[in-house]
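# Fold and geometry: a report
Given next are the chains, with one letter for each unit.
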Amino acid sequence: MALMRSMLLAASQNVWLRQHAVNFPFVRRSVSRFMPGETLDAALVAAQGLLHKQIGSVFTHLGENVSDREEARKVTNHYLEVLDRIHQMNLPTEISVKLTQLGLDLAPDFCFENLERIIQRESPKAIVWVDMEASNYVDATLEIYKRALKRYPNVGICLQAYLYRTKKDLADLLAFRPSIRLVKGAYNEPPSIAYPKKPDVDENYVALAKEMLRAKSAGQCVRAAFGTHDISLIRRLTDYVAQERLPKTDLEVQMLYGIQRAEQERLARDGCRSIVLVAYGTYWYPWFVRRLAERPANLWFMLRNVFAS
Ligand SMILES: Cc1cc2nc3c(=O)[nH]c(=O)nc-3n(C[C@H](O)[C@H](O)[C@H](O)COP(=O)(O)OP(=O)(O)OC[C@H]3O[C@@H](n4cnc5c(N)ncnc54)[C@H](O)[C@@H]3O)c2cc1C
């Protein structure tokens, strides 16, 4: 299983595959399970459908590692348009951005300016989420995040439970009253910096999650969100919330579109905060292959599509 995950994560960065695999109809059919479509309009329709079920949404325009300033400005302008459309339609949808898409590889100041334009366009009541990418970006991402948070309280960051460093990063961030989305982590990281075994990642996740819920209850954290589809882990957090007599709405679970739909609806019905991350855009190959790596059974689903009409 670990070997399969490593192979898929290596494939997610393969340029040849990125250019060619996206043209195969069976690959396109498979990705549609995780994306309502490539366009913003498709994402907006999905958000309206989710809202009928009391499920919130977060949009992300797929892409990473842009290599020129014009492209990063285009992505920034796109997000400004997204926010305008969301506000016009009165949707409770937020957005989540990757800093390498806003020019982090080009210059941190330039990236910060792009992020700042986006935050300024967002309502102060909604969070602009910042994704966490591979480990070589963690320091730069946290630096830009703290810089933004000092000026704008409505910005959130993703932290990854597989990294040993995250316990300390979380403790440092709590001094700034952050919003945090905790995930397990989606990249191929060496055992020198990340827990190689799933049970260790899960235990670290629960310890960090409890710390976030305590901080939220003490007013040290604006939003404590849990980006996971792991039902046994969600049960442990639900039990903790009940045991500590925290309001059910303190439990905010964010999942990806198309995964564990029944659980997304159950959480919303139970009075927890249930949110779905809706990805769209044409640059879906690396993102899609990371989804395959999370659950190699998805590969069989893709292979079945080879034979589907
Ligand atoms: C809202 C959100 C935002 C994210 N943002 C980031 C980010 O910024 N940076 C980052 O590194 N990672 C991010 N991730 C990905 C995350 O790190 C994990 O790779 C991913 O969520 C899978 O881990 P899991 O917690 O669901 O647990 P796992 O232990 O991987 O899975 C638990 C169970 O969930 C189901 N499941 C999980 N993944 C899939 C899948 N792809 N298809 C079908 N079923 C599945 C399976 O039933 C599996 O047994 C994000 C995830 C979510 C939900």
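Our subject is the structure that appears above.
Residues numbered from 1 in each chain as written. Predicted model: local features only at pLDDT ≥ 70, side-chain atom pairs only at ≥ 80, totals over all residues. Heavy atoms only, no water.

### As for the overall build of the protein chain
Of regular secondary structure, the protein chain possesses 13 helices and eight strands. Radius of gyration (C-alpha) of the protein chain: 19 Å, near the 19 Å computed for a compact globule of 309 residues. In terms of overall dimensions, the protein chain has C-alpha extents of about 55 × 45 × 40 Å along its principal axes. Out of the 309 residues belonging to the protein chain, those deemed buried represent 54%. Residue pairs at least 24 apart in sequence account for 74% of intrachain contacts in the protein chain once pairs closer than 6 positions are excluded. Of the accessible surface of the protein chain, which amounts to about 14400 Å², a share of 54% is contributed by carbon and sulfur atoms. (Helix = DSSP H or I, 4+ residues; strand = E, 2+ residues; numbered from the N terminus. Rg over C-alpha atoms; globule rule 2.2 N^0.38 Å. Buried < 20%, exposed > 50% of the residue type's maximum accessible area, 1.4 Å probe, protein only. Contact = heavy atoms within 4.5 Å. Areas by Shrake-Rupley, 256 points an atom, 1.4 Å probe, with all protein chains shown as cover.)

### Brief notes about the site of the ligand
As a structural note, the neighbourhood of the ligand is formed by 26 residues, with M132, K184, G185, T228 and E294 the closest of them. A186 has a polar backbone atom sitting 3.0 Å from an oxygen atom of the ligand. In the model, an oxygen atom of the ligand is placed 2.6 Å from a nitrogen or oxygen of the T228 side chain. Burial of the ligand by the surrounding chains reaches 87%, relative to a free accessible area of 940 Å². When residues of the shell around the ligand are traced back to their parent elements, those giving at least two are strand 4 (155-160), strand 5 (179-183), strand 7 (252-256) and helix 12 (285-294). In terms of residues, the shell around the ligand owes the most to one element, strand 7, which gives three residues. Class assignment of the residues belonging to the shell around the ligand gives a composition of ten nonpolar, eight polar and eight charged. (Near = heavy atom within 4 Å. Polar contact = N/O pair within 3.5 Å; in protein donor to acceptor, adjacent residues only side chain to side chain. Nonpolar A, V, L, I, M, F, W, Y, C, P; charged D, E, K, R; others polar.)

### Some details on the pattern of salt bridges
What the rule picks out here adds up to 24 salt bridges. The partner of R236 in a salt bridge is E203, and the shortest N-O contact between them spans 3.0 Å. Of this pair, R236 sits in helix 10 (residues 231-243) while E203 is found in helix 9 (residues 198-217), placing the two residues 33 residues apart along the sequence. The partly exposed category is assigned to R236, whose relative accessible area is 37%. One network of salt bridges, in which partners are shared, links E94, R223, E252 and R273. (Salt bridge = Lys/Arg side-chain N within 4 Å of Asp/Glu carboxyl O.)

### Observations regarding the side chain of Q254
Within the secondary structure, Q254 is located in strand 7. When its relative accessible area of 4% is taken as the criterion, Q254 is described as buried. Within the structure, Q254 has its side chain in polar contact with the side chain of R181 (distance 3.1 Å). Here Q254 is in contact with W129, R181, R223, A225, F226, G227, T228 and I275, once residues within four sequence places are set aside.

### Here we look at the side chain of T228
With respect to the helices, strands and loops of the structure, T228 is situated in the loop between strand 6 (224-227) and helix 10. Judged by its relative accessible area of 4%, T228 falls in the buried class. Among the polar contacts made by the side chain of T228, one reaches the main-chain amide nitrogen of D230 at a distance of 3.0 Å.

### With respect to the sheet that holds strand 4
Strand order in the closed barrel made by the eight strands is 1-2-3-4-5-6-7-8, with parallel pairing throughout. Shown here is a sheet whose adjacent strand axes are inclined to one another by a mean of 25°, direction ignored. (Pairing = 2+ DSSP bridges. Axes fitted to C-alpha atoms, helices over the stretch in contact; angles between N-to-C directions.)

### Considerations on the nonpolar core
Nonpolar side chains in soluble globular proteins generally cluster together in the buried interior. If you look at the biggest cluster of nonpolar residues, it comprises 84 residues, and the most contacted ones within it are F59, I95, L115, I118, L182 and F226. When residues of this core are assigned to their parent elements, the largest contribution, eight residues, is made by helix 9. Filtering out sequence-adjacent residues up to four positions away, L182 remains in contact with L159, A161, Y205, L208, A209, M212, A225, F226 and G227. One finds A11, L62, I259 and L277 within the second-largest nonpolar core, a separate group that totals 28 residues. (Core = buried A, V, L, I, M, F, W, Y, C linked by side-chain atoms within 4.5 Å.)

### Brief notes about the packing of aromatic side chains
All told, the structure shown has five aromatic pairs when counted by the stated rule. Ring centres of F34 and F288 lie 6.1 Å apart, and the angle between their planes is 50°; this geometry places the pair in the tilted category. Residue F34 is located in the loop between helix 3 (25-31) and helix 4 (40-52), and its partner F288 is located in helix 12; the two are separated by 254 residues in the primary sequence. According to the relative accessible area criterion, F288 is buried, its value standing at 2%. Judged by centre distance (6.1 Å) and plane angle (85°), the rings of W284 and F288 are edge-to-face. Residue W284 shares its accessibility class with F288, and that shared class is buried. Seen from the ring of F110, R69 lies directly overhead, with NZ or CZ sitting 4.4 Å from the centre. (Phe/Tyr/Trp six-rings, centres within 6.5 Å; stacked < 30°, edge-to-face > 60°. Lys NZ or Arg CZ within 6 Å of the ring centre and 35° of its normal.)

### Observations regarding the pairing of strand 8 (residues 273-280)
The element strand 8 is largely enclosed, with a buried count of seven among its eight residues. By the bridge criterion, six bridges tie strand 1 (residues 56-61) to strand 8 in an arrangement that is parallel. In the sheet register, T60 faces strand 8, and the bridge partner there is A279. The pairing of strand 7 with strand 8 spans five bridges and is classified as parallel. Along strand 8, the bridge assignment pairs M255 with V276. Handedness of the strand 7-helix 11 (residues 261-269)-strand 8 crossover: right-handed. (Right-handed = clockwise from strand over helix to strand, strands pointing away.)

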